[in-house]
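Examining the three-dimensional arrangement
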Amino acid sequence: MSWIERRKTRTIYVGNVPIGSEHPIVVQSMTNTFTEDVETTVAQIKELEKIGCEIIRVAVPTIKAAEAIKEIKKRISIPLVADIHFDYKLAILSVENGADCIRINPGNIGEKWKVKEIISAVKERGISIRIGVNSGSIPKEVLEKYGKPTPEALAETALNYAKFFEDNDFRNLKFSLKGSEVKSTVIANKIFARQTDYPIHIGITEAGTFISGAVKSAVGVGILLYEGIGDTLRISLSTHPKEEVKIAYKILSALDLRKRGVEVISCPTCGRCRVDVETLAKEVEKRLEHIEKPLKVAVMGCAVNGPGEARFVDVGIAGAGDYFILFIKGKIIDKLSEEEALERLVKEVENLVRKE
């Protein structure tokens, strides 16, 4: 039984993927290609599919981008979300071309009748909407009430949108309340979560470059997940989107919420270490990236941290002076040269996958 009790929500669908507390937390990402460049966009989506991305979002700033969705959908296996800003007609065109979900910020769509047109279009096709609220798009009247984009302002904006959609007989919704700061994002989501049962998509928007963005996202997303909040997530980084997917799974794995792929355990090194643990661990991660089965693999710098501290792993190697020891489930199996260690480790992991 999980040590985290998830907040109870209703279930919605994005394509064939269920979203809600009765289902696994879903990992999403967003392409950074020009959507109208179908070949490049499809290639990136397929790359993300291979490492576990379950829903993909594409930017739709033009008519050509909206029209490209039709061809993209034919060539990918995961649901596609059309990301719309400002122009309601692009949302409707995306729906017509097969988008599985529309992401909108009602605050920048304009007049209410335009939002109602989007509602009519998605109702007809039976698809869902993700309502995005961020600190840069809080309505004027709410901003005047709070003086600045506070967490309370974010939450009130999302709650107001929920009521508007409900008044228009539409509840096939999930919400995201994101800021670039951990504190405001966490507080806003907690306020909203207490007052609704809609699924919530979580993340820290504009989190930053790889290291700083990953840290900020891990803290913010980790807090929310620990509180039981979050039914889908995206780690937003200024880097290739495949890194977003990898980090998302590492966060979920650290909280025992979802396991996928190989987790490499490696020591921080010290004066006892006589091998290049960093380079070796990175190479192990790269060579085992294709494996989906949840496994723990150790790359340790000395015998102290080998089958002792890392005895719980499935397979591991540890430097021991001028050679490595190979251990499986805590038992020393073989003594290897440095040249042999990497290849043997990879082989043993792949053998373990085949056996199980």
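Note: the structure precedes this text.
Let me sum up the structure you'll find in this document. These figures come from a predicted structure and were not determined experimentally.

1. Quick word on the pattern of salt bridges
The full count for this structure, using the stated rule, is 29 salt bridges. In this structure, Lys 74 engages Glu 71 in a salt bridge whose closest nitrogen and oxygen atoms are separated by 3.7 Å. Here Glu 71 and Lys 74 lie together in helix α2 (residues 63–74), a separation of three residues that amounts to about one turn. The exposure class assigned to Glu 71 is partly exposed, which follows from its relative accessible area of 31%. In this structure, Asp 167 and Lys 163 form a salt bridge, with 2.9 Å as the shortest nitrogen-oxygen distance.

2. Quick look at the packing of aromatic side chains
Inspection of the entire model under this criterion finds six aromatic pairs. The interplanar angle of 80° and the centroid separation of 5.8 Å between the aromatic rings of Phe 164 and Phe 165 together place this pair among those described as edge-to-face. Comparing Phe 164 with Phe 165 shows no difference in burial state: the two are buried. In this structure an aromatic cluster arises from ring pairing among Phe 164, Phe 165 and Phe 170. The ring centre of Tyr 249 lies 5.7 Å from the NZ or CZ of Arg 260, which sits over that ring. Sitting above the plane of the Tyr 323 ring, Lys 335 keeps its charged end 4.3 Å from the centroid.

3. Some points on the sheet that holds strand β3 (residues 26–30)
Spatial ordering of the open sheet is given by β8-β7-β6-β5-β4-β3-β10-β9, a layout of eight strands whose pairing is parallel. One side of each edge strand has no neighbouring strand; the edge strands of this open sheet are β8 (173–178) and β9 (201–202). Of the strand pairs in this sheet, β3 and strand β4 (residues 55–59) are connected by three bridges, and their pairing is parallel. Following the sheet pairing, Met 30 is matched in β4 by Arg 57. Set on the sheet, helix α8 (residues 182–195) makes contact with β8 and β9; between it and β8 the angle comes to about 150°.

4. Considering helix α5 (residues 112–125)
Within an α-helix, residues lying three or four positions from one another point in the same direction, as the helix has 3.6 residues per turn. Under the 1.5 Å per step criterion, the end-to-end length of α5 is 20 Å for 14 residues, consistent within 8% with the ideal 20 Å. When we look at burial in α5, the residues that qualify are Lys 114, Val 115, Ile 118, Ile 119, Ala 121 and Val 122. Take α5 and look down its axis: the buried residues cluster within an arc of 165°, on one side only. Counted as exposed and oriented over 90 degrees from the buried face of α5: Lys 112 and Glu 124. Residues of α5 that are buried in the fold lie against α3 (88–96), β6 (101–104), α4 (106–109), β7 (128–134) and α7 (151–167). Downstream of α5 by one or two residues, Gly 126 has phi in the positive range, about 70°.

5. Concerning the environment of Val 219
Within the secondary structure layout, Val 219 lies in helix α9 (residues 210–226). Note: C-alpha distance between Val 219 and His 201 (18 residues apart in sequence) is 16 Å.

6. What about a nonpolar patch on the surface?
Among the surface-exposed residues, Phe 210, Ile 211, Val 215, Val 219 and Ile 223 lie close enough to one another that they form a single nonpolar patch of about 440 Å² accessible area. Take Phe 210: it is sitting in helix α9. You can call Phe 210 partly exposed: its relative accessible area is 38%.

7. Quick look at α9
With 17 residues, α9 ought to run about 24 Å at 1.5 Å a step, and its terminal C-alpha atoms sit 23 Å apart, in line with that. Buried residues of α9: Gly 213, Ala 214, Ser 217, Gly 220, Val 221, Gly 222, Leu 224 and Leu 225, and no others. Next to the buried residues of α9 lie α8, β9, β10 (232–233) and α10 (241–254). Once α9 ends, the next one or two residues include Gly 228, with phi positive near 90°.

8. Some remarks on the environment of Lys 8
With respect to the helices, strands and loops of the structure, Lys 8 is situated in the segment before β1 (12–14). With 223 residues separating them along the chain, Lys 8 and Asp 231 place their C-alpha atoms 10.0 Å apart.

9. Comments concerning the nonpolar core
With 80 residues, the main nonpolar core has Ile 102, Phe 165 and Phe 175 as its most contacted residues. Considering each element in turn, this core owes the most residues, eight residues, to α7. Once you skip the residues sitting within four places of it in the chain, Phe 165 turns out to touch Ile 104, Pro 106, Val 115, Ile 119, Ile 129, Ile 131, Phe 170 and Leu 173. Ala 281, Leu 288, Leu 342 and Val 349 belong to the second-largest nonpolar core, a separate cluster that totals 33 residues.

Conventions adopted
Residues numbered from 1 in each chain as written. Predicted model: local features only at pLDDT ≥ 70, side-chain atom pairs only at ≥ 80, totals over all residues. Heavy atoms only, no water. Salt bridge = Lys/Arg side-chain N within 4 Å of Asp/Glu carboxyl O. Helix = DSSP H or I, 4+ residues; strand = E, 2+ residues; numbered from the N terminus. Buried < 20%, exposed > 50% of the residue type's maximum accessible area, 1.4 Å probe, protein only. Phe/Tyr/Trp six-rings, centres within 6.5 Å; stacked < 30°, edge-to-face > 60°. Lys NZ or Arg CZ within 6 Å of the ring centre and 35° of its normal. Pairing = 2+ DSSP bridges. Contact = heavy atoms within 4.5 Å. Axes fitted to C-alpha atoms, helices over the stretch in contact; angles between N-to-C directions. Expected span 1.5 Å × (residues − 1). Arc of directions from axis to C-beta. Patch = residues over 30% accessible without salt bridge, like charges linked within 9 Å, V, L, I, M, F, W, Y side chains within 5 Å. Areas by Shrake-Rupley, 256 points an atom, 1.4 Å probe, with all protein chains shown as cover. Core = buried A, V, L, I, M, F, W, Y, C linked by side-chain atoms within 4.5 Å.

Don't take any of this as a statement about function, it's just geometry.
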